[in-house]
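Coordinate analysis (summary)
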Amino acid sequence: MTEASAPAIVRADGRTPDQLREVTIERGWSAHAEGSALISFGGTKVLCTASFTNGVPRWLNGKGKGWVTAEYAMLPRATNTRNDRESVKGRIGGRTHEISRLIGRSLRAVVDMKALGENTLQIDCDVLQADGGTRTAAITGAYVAMADAIEWARGQKFIAQRATPLIDTVSAVSVGIIDGTPMLDLAYTEDVRAETDMNVVATGRGLFVEVQGTAEGAPFDRRELDSLLDLALAGTASLTELQRAALAASLEAGE
């Protein structure tokens, strides 16, 4: 059978290798947070809230710059078996710390801290249901929540009308090689058997913020790396359009 006549690869959920899961972004999900978004990447659902504070940590006082930080957590029954709350355990796990820092770095990459002024944005990403790609969904949804919180602050005159704290968008997606085929946006059943697993964070302009890649099985070569990065950038470009569409829509409440 020639390559041209080979059947197209179809994944377990019916997607093609270069297809995202269904992505939905519901803005204004929280009635209390200055910005919020419930984002779904297929079966993965993450609630992202952005809390705005007029003021900065003591180490930034008087420097004319703001700060953005993030925390990530999973509900006990976000997965198929219950996990104890880390607050009950009395310690935060290494994975949670790692993902929290990743989200914070990703968001800070697209914020002009001087334009933000001496204000703080605290982002909380809580995984309600996990089916792979929780960190990438969290970053993508957190950007939308953050953008709404910034506009709330502008309306409250904490941020100057002409200031542009957001210098770009940011989103993230997973990619991996399964049975020799590069695939986009891995669900859990794919992630656990991927030969190569990678999370890619990129701006709307297509610039990389972070690339986390590991050979879970066989080592990958430069050609495979390039194909994964190309696939990821196509995915983040689609996510950028979904973010922009969500932010362009009017919120039913408060508008």
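Residues numbered from 1 in each chain as written. Predicted model: local features only at pLDDT ≥ 70, side-chain atom pairs only at ≥ 80, totals over all residues. Heavy atoms only, no water.

Let's shift gears to the pattern of salt bridges. When their charged atoms lie close together, side chains carrying opposite charge are able to pair. Taken as a whole and judged by the stated rule, the model has 13 salt bridges. The residue glutamate 98 makes a salt bridge to arginine 135 at a minimum N-O spacing of 2.8 Å. You can see glutamate 98 sitting in helix α2 (residues 94–108) and its partner arginine 135 sitting in helix α4 (residues 134–155), a full 37 residues away along the chain. Judged by relative accessible area, glutamate 98 falls into the partly exposed class, the value being 29%. A salt bridge links arginine 223 to aspartate 221, with the nearest nitrogen and oxygen atoms 3.9 Å apart. With a relative accessible area of 58%, arginine 223 lands in the exposed category. A single network of salt bridges, built from pairs that share partners, joins Arg11, Asp13, Arg15 and Glu190. (Salt bridge = Lys/Arg side-chain N within 4 Å of Asp/Glu carboxyl O. Helix = DSSP H or I, 4+ residues; strand = E, 2+ residues; numbered from the N terminus. Buried < 20%, exposed > 50% of the residue type's maximum accessible area, 1.4 Å probe, protein only.)

Closest axis-to-axis distance for the α2/α4 pair is 10 Å, and the angle between their directions is 40°. By the angle between their directions, the pair α2 and α4 is classed as oblique. Considering the relative orientation of α2 and α4, their crossing is right-handed. In this structure, α2 uses Arg95, Glu98, Ile99, Leu102, Ile103, Ser106 and Leu107 to contact α4, whose residues at the interface are Thr134, Arg135, Ala138, Ile139, Ala142, Tyr143 and Met146. Taken together, the residues of the contact of α2 with α4 break down into 9 nonpolar, 2 polar and 3 charged. (Axes fitted to C-alpha atoms, helices over the stretch in contact; angles between N-to-C directions. Parallel < 35°, antiparallel > 145°, perpendicular 65-115°, else oblique. Left-handed = near helix turned anticlockwise from the far one by under 90°. Contact = heavy atoms within 4.5 Å. Nonpolar A, V, L, I, M, F, W, Y, C, P; charged D, E, K, R; others polar.)

Right, let's get into the environment of glutamate 216. Along the chain, glutamate 216 turns up in the loop between β9 (208–215) and α6 (222–248). For the pair glutamate 216 and aspartate 197, spaced 19 residues apart in the sequence, the C-alpha separation amounts to 6.7 Å. What glutamate 216 contacts, discounting residues up to four positions off in sequence, is Ala194, Glu195, Thr196 and Asp197.

Moving on, we come to the sheet that holds strand β5 (residues 120–129). The 5 strands lie next to each other as β1-β2-β3-β5-β4, forming an open sheet whose pairing is mixed. This sheet does not close on itself; its edge strands, each paired only once, are β1 (23–27) and β4 (67–74). Between one strand axis and the next, the sheet turns by 15° as a mean value, whatever way the strands run. As defined by bridge partners, β1 adjoins strand β2 (residues 35–41) across 5 bridges and the pair is classed as antiparallel. Counterpart to arginine 27 in the pairing with β2 is alanine 37. Taken strand by strand, α2 contacts β4 and β5, and its axis lies near 145° from that of β4. Sheet strands in contact with α4 are β1, β2, β3 (44–53), β4 and β5, and its direction is about 30° off that of β3. (Pairing = 2+ DSSP bridges.)

Pairing is antiparallel across the open sheet formed by 4 strands, whose spatial order is β7-β6-β8-β9. The outermost strands of the open sheet, each flanked by one partner alone, are β7 (181–184) and β9. Adjacent strand axes in the sheet meet at a mean angle of 15° when their direction is disregarded. As defined by bridge partners, strand β6 (residues 170–178) adjoins β7 across 4 bridges and the pair is classed as antiparallel. Across the sheet, residue valine 175 finds its bridge partner in β7, namely leucine 184. Most of the contacts of α2 go to β9, to which it runs at about 145°, and overall it touches β6, β8 (196–203) and β9. Helix-sheet contacts for α6 involve β6, β7, β8 and β9, and the interaxial angle to β6 is about 145°.

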